[in-house]
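What follows is each chain in one-letter form.
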Amino acid sequence: MSRPRSVRVSAWPRLTRRGGTLVIVGVLLLAVSLWFDLRDILLLAFVGIAMPAAAAVFVVVRTPRLAVTRSFAPPVVPAGGWTRVSLVVKNRGRRTFDGAHWRDTVPDGLKGPPEAILPAIGPYEGVLPSGDDTVRLEYRLRMPRRGVASIGPLHIGITDPFGLARIDREVGTGHEIVVTPRVTALDAALGSAASMDGVVHGLQRRTHPNSDELIAREYRYGDPLRRVNWAATARRGELMVREEEQRGDPEARILLDTTLSGRPRASGLRREHDEGPNFGFELAIEVAASIGVHLLERGFRVRCTQVADPERAVIPGAAYDGGYRMPGGDRTLLEDLARVDEPARLPVHGAPESVPSEARQRAREARAPGFAVLVDPDEQDARNLVALRPMFEPAVVFAAEGVSRHVLDLLEEADWRVMHVRRPAEIGDAWAGIATSRRAAATVGRAPAPLGGGGGGGVAPGEAGDAGERAVTDAP
């Protein structure tokens, strides 16, 4: 809820239609009286001019003492959903406040409530927590786009008793509401690896048939002695313990194109019939949100980083900078994606020269699922993904309409599967196309590696991308 603040003037006092008409009549009477020397109507002329002026002074002097709190139900709403905005207006003054209108401020593009009469508010009651000095207002608001919207402050329109002048005042401050991206339900067939042993554990099982090597690691201070693996200790010559936590911690990576460095202004990504400022970028956010929620629901630990800087989270400094986990990770991921700025306000990225040494070491140990969501990358972004390819299996690129052919060729040569997504309705088909391309690879005699596995199997460069594109194109 927003904190109460003093009432501020949002506009100069202005005359109403009644007050303006009275001024015009007064000026006409004054002109007639001076022209025909009719002093009898001179008094009426001055009254017609003075009354609106006095009304304007009255509304300026009449300063209400109000406090406003605002709450949302729900406080986090998906794009296209509705939220109920509740306002509590409390009178801090010693006099009854009535005869005013109210209207809440909403961002451009949202349809706020129409202006309505504010019920009379009694004088401040210091004893009772709520009474005649409090009024509760409520309205519904539809949030069509992803982002963080500021609702408020409350506009109070004050008029004089005769309705000749009006002044608008702002009461309270704005309050942010988080609008998360839309999530498309995806096929569960590709998420079954999370119910098994996990990425690292599964790879070690295939490369080291001995089960003692499979779950052994060096002893750390505080490890219970009952977990000591004596067989591995005898072979290694150092104290080793069983690492059982790896069995339930599969990891997946989502790389999001946040800079759109392929074109300076990404002018080709805007469509006139779309409400959003950048259709391609908003589509990429929806793809990342759908994949992330799908993987989290199936037990994966998900990291969401930038294509331009693969070791940097999409939201720097976020609470889940090291990865999202269930329970609660899906909601936090969506809230972080809701706060991703539009590409026009993002700084130009500085791409790393090579994959960090710790990333190369982890690539030799295990290959986790990797999903890159591209809007309009440049060649350096493509080279980053090529360098990261040994870390991921499967490695899938979801390409929007703005991705250049040169970038796609570089990725296909590095054995990234390229799936084309041009509108939100194709997200589910593109995800299903991954399985289609894997089945096609198995048909020609090359068995694809399972999701989360580290085997070297896969399709030939460019083959998966072509199959995925056909799957999307042929989808109804």
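Every chain begins its residue count from 1, and numbering advances along the sequence as written. Only residues with pLDDT of at least 70 get local features here, since the model is predicted, and only at 80 or more are side-chain atom pairs given and counted; chain-wide, interface and lining totals rely on the full set of residues. Side-chain figures throughout are based on the complete set of non-hydrogen atoms in the structure, without hydrogens or water.

1. Structural notes on the overall build of the protein
Under the DSSP-based scheme used, a helix requires at least four consecutive residues in state H or I and a strand at least two consecutive residues in state E, with every element numbered from the N terminus. For the protein, the count of helices and strands is 12 helices and 19 strands. A 1.4 Å probe rolled over the protein chains alone gives each residue an accessible area, and that area as a share of the maximum for its type sets the label: buried under 20%, exposed over 50%, partly exposed in between. Taking all 476 residues of the protein together, the buried fraction comes to 47%. Long-range pairs, those at least 24 residues apart, make up 72% of the contacts in the protein between residues at least 6 apart in sequence. Note that accessible areas follow from Shrake-Rupley with a 1.4 Å probe, and for residues the cover is restricted to the protein chains shown. With the model as given, the accessible surface of the protein reaches about 23900 Å², and the carbon-plus-sulfur share is 54%. Every residue pair with non-hydrogen atoms within 4.5 Å of one another is taken to be in contact.

2. Brief notes about the nonpolar core
Residues Ile291, Leu337 and Phe398 are the most contacted members of the largest nonpolar core, which totals 38 residues. Elements that contribute at least two residues to this core include exactly β15 (251-256), α6 (279-297), β16 (301-306), α7 (329-338), β17 (368-374), β18 (392-399) and α11 (427-443). If one sorts the elements of this core by residue count, α6 sits on top with 12 residues. In this structure leucine 337 touches Arg146, Pro181, Leu256, Ile285, Ala288, Ala289 and Cys304, once residues within four positions along its chain are discounted. To define a nonpolar core, start from buried Ala, Val, Leu, Ile, Met, Phe, Trp, Tyr and Cys residues and group those joined through side-chain atoms within 4.5 Å. Judged by nonpolar contacts, the second largest core, of 34 residues, contains Val85, Tyr139, Met143 and Ala165.

3. Regarding the environment of isoleucine 121
Mapping isoleucine 121 onto the fold places it in the loop between β7 (116-118) and β8 (134-143). The spacing of isoleucine 121 and aspartate 98 is 23 residues in sequence and 6.3 Å in space, taken between C-alpha atoms. Discounting residues that sit within four places of it in the chain, isoleucine 121 has contacts with Leu66, Val89, Asn91, Arg95, Thr96, Phe97, Asp132, Asp133, Thr134 and Val135.

4. Things to note about the pairing of strand β12 (residues 175-180)
Consecutive residues of a regular strand have side chains that alternate between opposite faces of the sheet. Burial analysis of β12 places 5 of its 6 residues in the buried class, the great majority of the element. As judged from the 5 bridges shared by strand β9 (residues 147-151) and β12, these two strands associate in the antiparallel manner. Bridge pairing in β12 links alanine 149 to isoleucine 177. By definition, two strands form a pair when at least two bridges between them are found by DSSP.

5. Considerations on the pairing of β15
Of all the 6 residues making up β15, 6 are buried; the element is thus mostly covered by neighbouring parts of the structure. Along β15, one buried face is formed by Glu251, Arg253 and Leu255 and the opposite face, lined by Ala252, Ile254 and Leu256, is buried too. With 6 bridges connecting them, β15 and β16 associate as parallel partners. Among the inter-strand pairings, leucine 256 is bridged to a residue of β16, identified as glutamine 306. Pairing between β15 and β17: 4 bridges, direction parallel.

6. Points about helix α9 (residues 379-388)
Buried within α9 are the following residues: Asp381, Ala382, Asn384, Leu385 and Leu388. Burial along α9 is one-sided: seen end-on, the buried residues are contained in an arc of 155°. Lining the buried residues of α9 we find β15, β17, β18 and α10 (405-413). In this description, the arc belongs to the directions extending from the helix axis to the C-beta atoms.

7. Side note on the environment of glutamate 251
Assignment of secondary structure puts glutamate 251 in strand β15. Each C-alpha atom of the pair glutamate 251 and leucine 296 lies 9.6 Å from the other, and the pair is 45 residues apart in sequence. Polar contacts, as counted here, are pairs of nitrogen or oxygen atoms within 3.5 Å of one another; within protein the pair requires one atom able to donate a hydrogen and one able to accept it, and residues that are adjacent in sequence qualify only if both atoms are side-chain atoms. Polar side-chain contacts of glutamate 251 include one of 2.6 Å to the side chain of arginine 301.

8. Side note on the sheet that holds β12
Across the sheet, which stays open at both edges, the 3 strands sit in the order β4-β12-β9 with mixed pairing between neighbours. Unpaired on one side and paired on the other, β4 (76-78) and β9 mark the two borders of the sheet. Between one strand and the next, the sheet's axes are offset by a mean angle of 35°, whatever the strand orientation. One ladder, built from 3 bridges, connects β4 with β12; its direction is parallel. If you follow proline 78 over to β12, its bridge partner there is threonine 180. Helix axes are fitted only over the stretch in contact, all axes being lines through C-alpha atoms; the angle between N-to-C directions runs from 0 to 180 degrees. Each of β4, β9 and β12 touches α7; the most contacted strand, β12, lies at about 110° to it.

9. A closer look at the sheet that holds strand β19 (residues 417-420)
Strand pairing in a sheet relies on backbone hydrogen bonds, with the paired strands running either antiparallel or parallel. Spatial strand order, β16-β15-β17-β18-β19: 5 strands in an open sheet with parallel pairing. With partners counted over all chains shown, the strands left at the sheet margins are β16 and β19, one partner each. In this sheet, neighbouring strand axes are inclined to one another by 20° on average, regardless of whether the strands run parallel or antiparallel. Contacts between α6 and the sheet are confined to β15, β16, β17 and β18, with β15 contributing the most and set at about 175° to the helix.

10. Digging into helix α2 (residues 42-61)
Given a rise of 1.5 Å per residue, 20 residues ought to cover 28 Å, and the 29 Å separating the end C-alpha atoms of α2 matches this to within 8%. Burial in α2 covers these residues: Ala45, Gly48, Pro52, Ala55, Ala56 and Val59. The inward-facing, buried residues of α2 abut β2 (14-15), α1 (17-36), β10 (154-159) and β11 (165-171). For a helix, the expected span equals 1.5 Å multiplied by the residue count minus one.

11. Here's the deal with the confidence of the model for the protein
pLDDT measures how confident the predictor is about each residue, on a scale from 0 to 100. Mean pLDDT for the protein: 77, with 70% of residues reaching 70 or above. For the protein, the element scoring lowest by mean pLDDT is helix α12 (residues 463-474), at 39; strand β5 (residues 81-91) scores highest, at 95. Here residues 265-276 scores under 50 on pLDDT; set against residues more than four positions off or in separate chains, the count is 19 contacts. The low-confidence segment residues 442-476 (pLDDT under 50) makes 78 contacts with residues lying over four places distant or belonging to another chain.

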